[in-house]
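Breakdown of the fold
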Amino acid sequence: MCRWVLWGLFLLVLVQQVIGQENSQYRLVPGDLVNIIVINDQSMSGEQIVGPDGFIRLPLVGAIQAAGLTLDELTERLHQALSKFIRRPKVAVTLKQFPSSLRRVYVLGEVKNPGSYQIPSGVTPNVFDAIAMAGGFTENADLTQVRVFQKDNQPIVFNLRHFQTNSAVINPGDLIWVPPAFVKVSVIGSVEKGGIYPVPVHGTIIDALAAAGGVKEQGATIRIFRMGTELLSVNWSDLSNGSIPPIKLQEGDTILVSTKTILGVVVAGTVSRPGTYDLKGNITLLGALALAGASVELGRPIRVRVLRQGQEFLKVVWQENSLPKELSQSLQAGDVVLVEPMVLRATLVGPVRKPGSYFLPIGSTIVDLLAKGEEILSNADLAGAYLLRKGESKPVDLLKLLWESEMEENLELQDGDVLLIPATRKVWVAGAVSRPGAVEYQPRMTVVDAIGAAGGPLNLEISDLSSVRIVSGNDVRIINLEGAFKGGDMPNFPLKAGDVVIVPERAKAYIYGAVLKPGAVRLQEGDTVLTALSNAGGPIVDARLNEARLIRFVDGQAIVMKLDLGKALSKGDMSQAPLMLPGDVLYIPPRRRGQWDITRVIGITTSLATAVYYLSRSR
């Protein structure tokens, strides 16, 4: 019996050592709950939550940075801080729990179960651990180009074939992308052997045609279809002699080698068996789709188009639980049936109210995806966002998109896209200060501290310190700092990371969007919206004057007014041209293809209101 007791005690000690080793390696993140014991002073002991700013706060010593530290490092830091007040303090720190919502990583790409996964308690995982949680690699995974996208850094590329696991630690919020080694494309038509072939990720049309045994007829036309839409049509002779720039193929592309006479019906696009199907008697559109393996899933309808002699002959939308009568249409030799999805799946990651994956209509843009997130949180780094597509990242300046209407930033989404918005550790000070821009956030930073870090007000005659605005998420506060900067009492208005402080200029308003000279405009008594529009150089040709918006703060709340400036200009309807007040923002949206719902954009960005625009102008 004694021997079994000793053996049990040995195992218990061993388990505690393993747990201790894991805890010593684990680095704290915001939201973790730690238990602090100060033996010399029990009043200092207790549970502490690592705040969103990464700090814990104790009596006497104040704020202590905890995020990014191991438990041992935090213990040492607390020991040093308490030594100033307590003789030879004895400190112990243990990890208790953390909210699961903050302990997740995203694993996407060529893994068996892509998605987000919770990191186990007390564990600092590496890339292999995260991929294992997602079911492991698929057969098509490229292990040499695995990318880890971190919140505040550029993507890191790992070669997992020759890799030391202890050097690939990942953190909550990281996104791991496992790229494909090959893409599967369909080659049909006048080739030796049509079918679906794997082509290297950076392969070309020539590679795909070579895999199919080559082109039979030199006079053939090479046509490429992507998601049911014809992307390219080029003569084989031009392609083979190198006069056509190579096009990078994508998963699901269809290459049709077309000749003047096609004896069957071609089915291309999002089907499981694209190809050319011989006509045997009368074949209907439904029959051709069935042969090609077209299917309709719940919530993911498809659009079917039939091209006859190069012209669109028929178009039909096929949804689940319905069978359109157009599917009974008979087909002819040479018809091309294109099957394209009507929805795509995109993922939104970062400081938004509802991150996650969403189904969106084909043709949706970044703004549409942001609308699914409902609200951009105050600590979002809008200028540092990027779009992850097929393992490649592209910077996206959401600041310019949402508040300067630079629509080139509003990229059209593709299936599988991921929009990542990093979190920031800065406070922005904008407007009439000496050095407007971002300043490093410090614990217990106040609005006066932030303005001081930005060089202070420009001039007490220019800077309107009586109406300094603090924008924090959906909350907007207007405070009076004139007394503080003239030697009076120093008010204590604490800030959080991501907050925006706006020091407005006296008698100035702002106009942006589809005008000749967007920016600040001076106001004189009696100036109306039309006066401000004139001072901004007037509208450009692309302006939607009937959809203008005036944003005004009333008692700290952002009020949005819809104005029809077209009526004001053409009919003299001055009810549509109210007086402009200092601090007002007039926005005139531009026209663009498709339906532009400016109220949706304003709804998404209410939390930033005019602050982001001022900030972008002061950089």
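Residues numbered from 1 in each chain as written. Predicted model: local features only at pLDDT ≥ 70, side-chain atom pairs only at ≥ 80, totals over all residues. Heavy atoms only, no water.

**Observations concerning the overall build of the chain**
The criterion, for reference: The helix and strand labels rest on DSSP assignments: H or I over at least four residues marks a helix, E over at least two residues marks a strand, and numbering proceeds from the N terminus. We call a residue buried when its accessible area falls under 20% of the maximum for its residue type, exposed when it is over 50%, and partly exposed in between, using a 1.4 Å probe and counting protein chains only. Only heavy atoms enter the contact rule, under which two residues are in contact if any of them lie within 4.5 Å.
Along its length, the chain carries 14 helices and 35 strands. By residue count, 49% of the 619 residues in the chain fall in the buried class. When contacts within the chain are restricted to residue pairs at least 6 apart in sequence, long-range pairs at least 24 apart make up 59% of them.

**Some remarks on helix H2 (residues 71-82)**
Cut-off, in case you're wondering: By definition here, a helix of n residues has an expected span of 1.5 Å times n minus one. Working note: the arc is built from the helix axis to C-beta atom directions.
For H2, which comprises 12 residues, the first-to-last C-alpha distance of 16 Å matches the rise-based estimate of 16 Å (1.5 Å per residue) to within 8%. All buried positions along H2 are accounted for by Leu-71, Leu-74, Thr-75, Leu-78, Ala-81 and Leu-82. Down the axis of H2, the sector holding all buried residues measures 130°, keeping them to one side.

**Comments concerning helix H6 (residues 285-292)**
Inspection of H6 places Leu-285, Ala-288, Leu-289 and Ala-292 among the buried residues, and these make up the whole buried set. Looking down the long axis of H6, one finds its buried residues gathered within 100° of arc, a one-sided arrangement. Among the structural elements, strand E16 (264-269), strand E17 (275-278), strand E18 (302-308), strand E19 (311-318) and strand E20 (336-341) are those in contact with the buried residues of H6. At the exit of H6 stands Gly-293, carrying a positive phi of roughly 80°.

**Examining the pairing of E18**
Note the following rule: Only when DSSP finds a minimum of two bridges between them are two strands counted as paired.
For E18, a buried count of 6 out of 7 residues is recorded, marking the element as mostly surrounded by other parts of the structure. With 6 bridges connecting them, E18 and E20 associate as antiparallel partners. Its bridge partner being in E20, Arg-305 is matched across the sheet by Leu-338.

**Some points on the pattern of salt bridges**
Stated precisely, the cut-off is as follows: Salt bridges are counted wherever a side-chain nitrogen of Lys or Arg sits within 4 Å of a carboxyl oxygen of Asp or Glu.
In the structure shown here, the tally under the stated rule is 9 salt bridges. In this structure, Glu-340 and Arg-305 form a salt bridge, with 3.2 Å as the shortest nitrogen-oxygen distance. Of the two residues, Glu-340 sits in strand E20 while Arg-305 sits in strand E18, which places them 35 residues apart along the sequence. According to the relative accessible area criterion, Glu-340 is buried, its value standing at 8%. In this structure, Glu-547 and Arg-549 form a salt bridge, with 3.4 Å as the shortest nitrogen-oxygen distance. Comparing Glu-547 with Arg-549, the two get one shared label, buried. Overlapping salt bridges, with partners in common, bring together Arg-303, Arg-305, Glu-312 and Glu-340 in one network.

**Digging into unusual backbone geometry**
For Glu-374, which is not glycine, the phi torsion reads 70° and is therefore positive. Tracing the backbone shows Glu-374 in the loop between helix H7 (366-372) and strand E23 (385-389). Exposure remark for Glu-374: the relative accessible area of 41% places this residue in the partly exposed category.

**Points about the packing of aromatic side chains**
Using the following cut-off: Centres within 6.5 Å make a pair out of two Phe, Tyr or Trp rings, where for Trp the six-membered ring is used; the pair is then stacked when the planes are under 30 degrees apart, edge-to-face when over 60, and tilted otherwise. Only when the NZ of Lys or the CZ of Arg is both within 6 Å of the ring centre and within 35 degrees of the ring normal is a charge said to sit over the ring.
What the rule picks out here adds up to 0 aromatic pairs. The side chain of Arg-308 reaches across the aromatic face of Phe-313, ending 3.9 Å from its centre.

**Observations concerning the confidence of the model for the chain**
To keep things clear, this is the line we draw: In predicted models, pLDDT denotes the confidence assigned by the predictor to each residue on a 0 to 100 scale.
With 82% of its residues at a pLDDT of 70 or more, the chain shows a mean pLDDT of 77. In this model residues 1-24 is a low-confidence stretch, pLDDT under 50, and it forms 7 contacts with partners more than four residues away in sequence or in other chains. Of the regions scoring below 50 in pLDDT, residues 593-598 engages in 10 contacts with residues more than four places distant in sequence or in other chains.

**With respect to the sheet that holds strand E13 (residues 221-226)**
Just so we agree on the cut-off: Structural elements are reduced to axes, namely lines fitted to C-alpha atoms, with helices fitted over the stretch in contact, and the angle between N-to-C directions of any two is expressed from 0 to 180 degrees.
Within the open sheet, the 5 strands sit side by side as E12-E11-E15-E13-E14. Their pairing is mixed. One side of each edge strand has no neighbouring strand; the edge strands of this open sheet are strand E12 (195-200) and strand E14 (229-235). Strand-to-strand, the axes of this sheet are offset by a mean angle of 25°, without reference to chain direction. In the sheet, E13 pairs with E14 via 6 bridges, with the strands oriented antiparallel. Residue Arg-223 lies in a different strand from E14, and its bridge partner there is Ser-233.

**Regarding the nonpolar core**
Put simply, the test is: For our purposes a nonpolar core is just a set of buried Ala, Val, Leu, Ile, Met, Phe, Trp, Tyr and Cys residues, chained together by side-chain atoms within 4.5 Å.
With 25 residues, the main nonpolar core has Ile-366, Leu-369, Leu-370, Leu-398, Leu-413, Leu-419 and Ile-421 as its most contacted residues. Apart from residues no more than four positions distant in its own chain, Leu-419 is found in contact with Thr-347, Leu-348, Val-349, Ile-366, Leu-369, Leu-370, Tyr-386 and Leu-387.

**Concerning the pairing of strand E32 (residues 519-522)**
As paired elements, strand E31 (residues 508-513) and E32 share 4 bridges and run antiparallel to each other. Note that in E32 the partner of Ile-511 across the bridge is Gly-519. Counted along the chain from E31 to the antiparallel partner E32, the turn is 5 residues long.

**Structural notes on the sheet that holds strand E22 (residues 356-361)**
If you trace the 5 strands from one edge of the open sheet to the other, you get E22-E21-E25-E23-E24, paired in mixed fashion. Two strands lie at the open edges of the sheet, namely E22 and strand E24 (392-396), each paired on one side alone. Averaged over neighbouring strand pairs, the angle between their axes works out to 25° when direction is ignored. As judged from the 6 bridges shared by strand E21 (residues 343-349) and E22, these two strands associate in the antiparallel manner. Considered in E22, the bridge of Ala-346 is made with Tyr-358.

**Some thoughts on the side chain of Ser-186**
Residue placement: Ser-186 occurs in strand E11 (residues 182-189). What Ser-186 contacts, discounting residues up to four positions off in sequence, is Gly-195, Ile-196, Asp-253, Thr-254, Ile-255 and Pro-274.

**Observations regarding the environment of Leu-298**
Looking at the secondary structure, you find Leu-298 in the loop between H6 and E18. Through-space distance from the C-alpha of Leu-298 to that of Gln-319 is 8.1 Å; in sequence the pair is 21 residues apart.

**Some words on the side chain of Asn-410**
To keep it simple, the criterion reads: Whenever two N or O atoms come within 3.5 Å, that pair is a polar contact, provided that in protein one can donate a hydrogen and the other can accept it, and provided that, for residues adjacent in sequence, both atoms are side-chain atoms.
The residue Asn-410 is located in the loop between helix H8 (398-404) and strand E25 (418-420) in this model. A distance of 3.1 Å separates a polar atom in the side chain of Asn-410 from a polar atom in the side chain of Thr-365.

**Concerning the environment of Leu-569**
Tracing the backbone through its elements, the reader meets Leu-569 in helix H12 (residues 565-571). Through-space distance from the C-alpha of Leu-569 to that of Leu-530 is 8.1 Å; in sequence the pair is 39 residues apart. Apart from residues lying up to four places away in sequence, Leu-569 is in contact with Leu-530, Leu-533 and Leu-545.

**Describing the environment of Thr-276**
Relative to the helices and strands, Thr-276 resides in strand E17. Separated by 11 residues in sequence, Thr-276 and Val-265 have C-alpha atoms that sit 5.5 Å apart.

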